[in-house]
Amino acid sequence: MLRKSIVLRCVLTCLFFLSSLSLMSIPAGAEQSAAANGRNPIVLVHGIGGAGFNFASIERALINEGYSRSDLYAIDFLDKSGNNITNSRQLSTYIDDVLRKTGASQVDIIAHSMGGANTLYYINNLGGGKNIGKVITLGSPNRLVARSAPNGIAYTSIYSTSDLIVNNTLSPLNGANNIRIFGVTHIGLLIDRGVQSHIMNALK
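An account of the accompanying structure is given in this report. (Residues numbered from 1 in each chain as written. Predicted model: local features only at pLDDT ≥ 70, side-chain atom pairs only at ≥ 80, totals over all residues. Heavy atoms only, no water.)

1. Observations regarding the side chain of H46
As for its position among the elements, H46 is in the loop between β1 (42-45) and α2 (56-64). A distance of 3.0 Å separates a polar side-chain atom of H46 from the backbone nitrogen of F77. Ignoring anything within four residues of it in the chain, the contact list for H46 reads A51, G52, N54, F55, I75, D76, F77, K80, H112 and G115. (Helix = DSSP H or I, 4+ residues; strand = E, 2+ residues; numbered from the N terminus. Polar contact = N/O pair within 3.5 Å; in protein donor to acceptor, adjacent residues only side chain to side chain. Contact = heavy atoms within 4.5 Å.)

2. Quick word on the pairing of strand β3 (residues 107-112)
A large share of β3 lies buried, amounting to 6 of its 6 residues. Across the two faces of β3 the burial is the same, with V107, I109 and A111 and D108, I110 and H112 all buried. Two strands pair when backbone bridges link them, and β1 and β3 are joined in this way by 4 bridges, in the parallel orientation. Counted as the bridge partner of I42 is D108 from β3. Two strands pair when backbone bridges link them, and β3 and strand β4 (residues 132-138) are joined in this way by 5 bridges, in the parallel orientation. Bridge assignment links A111 to a residue of β4, and that residue is T137. Considered for its hand, the β-α-β crossover made up of β3, helix α4 (residues 114-125) and β4 is right-handed. (Buried < 20%, exposed > 50% of the residue type's maximum accessible area, 1.4 Å probe, protein only. Pairing = 2+ DSSP bridges. Right-handed = clockwise from strand over helix to strand, strands pointing away.)

3. So, unusual backbone geometry
In the Ramachandran plot, S113 falls in the positive-phi region, its phi being about 55 degrees despite a non-glycine side chain. Structurally, S113 is set in the loop between β3 and α4. For S113, a relative accessible area of 9% puts it in the buried group.

4. Topic: helix α3 (residues 84-102)
Helix length check: α3, at 19 residues, gives a terminal C-alpha distance of 26 Å against a target of 27 Å (1.5 Å per residue), a fit within 8%. When we look at burial in α3, the residues that qualify are N84, N87, S88, L91, S92, I95, V98 and L99. Projected down its long axis, α3 carries its buried residues within an arc of 145 degrees, all on one side. Away from its buried face by more than 90 degrees, α3 exposes R89, R100 and K101. (Expected span 1.5 Å × (residues − 1). Arc of directions from axis to C-beta.)

5. Focus: the sheet that holds β4
Read from one edge of the open sheet, 6 strands run β2-β1-β3-β4-β5-β6, paired in parallel fashion. Each edge of the sheet is formed by a strand with only one pairing partner; in this case those strands are β2 (72-74) and β6 (177-181). Taken pair by pair, the neighbouring strands of this sheet meet at an average axis angle of 15 degrees, ignoring direction. As paired elements, strand β5 (residues 154-160) and β6 share 5 bridges and run parallel to each other. If you follow Y159 over to β6, its bridge partner there is R180. The strands touched by helix α5 (residues 193-203) are β1, β3, β4, β5 and β6; relative to β4, the strand with the most contacts, the crossing angle is about 165 degrees. (Axes fitted to C-alpha atoms, helices over the stretch in contact; angles between N-to-C directions.)

6. Structural notes on the packing of α3 against α4
One can describe the packing of α3 onto α4 by two numbers: an axis separation of 8 Å at closest approach and a directional angle of 70 degrees. Judged by the angle between their axes, α3 and α4 are roughly perpendicular. Contacts between α3 and α4 involve N84, I85, N87, S88, L91, S92 and I95 from the first element and M114, A117, N118, T119, Y121 and Y122 from the second. A per-class count over the contact of α3 with α4 returns 7 nonpolar, 6 polar and no charged. (Parallel < 35°, antiparallel > 145°, perpendicular 65-115°, else oblique. Nonpolar A, V, L, I, M, F, W, Y, C, P; charged D, E, K, R; others polar.)

Next comes the structure, spelled out in structure tokens:
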């Protein structure tokens, strides 16, 4: 119990740190809409106990790559426990709203931790596959939901051997682009520049 308490305290401390990150200034003209570049809007899906602000560093990297702030959407789950059933339903409604707002036919998803499992549950059990072009998961326990990536979706699973929160064996999916990295913690997957480089490549 003591070890679990220490791990939880470290996770919450890291999340608080991430919440203090602010977007860096973007050079004039750097932002372009995703639609103008033939890209899908991006939905960012957090994990257990997390929030949309956890993706501040990734949002900054995406904007530096030419995405507009108006093309980035970070969901905040009402149920912070990571429950696949409740979270996938909220995610379904959220994605429908993004598609309606942007006029896009699909979104791309970047999900951290249990957010990846929630996303996969939404695809496999709520018919969400038609709404998604690409999925990138970061340290996600994907195999809690399925062993294989859904057909017709470009799936990338990024995970680290230094992740002490999610067991590495739960992340890879058959048929996905599975990327195993080293030296990055579970929370570090949200801010590591090497991980962000993998994300940008997966979005191309």
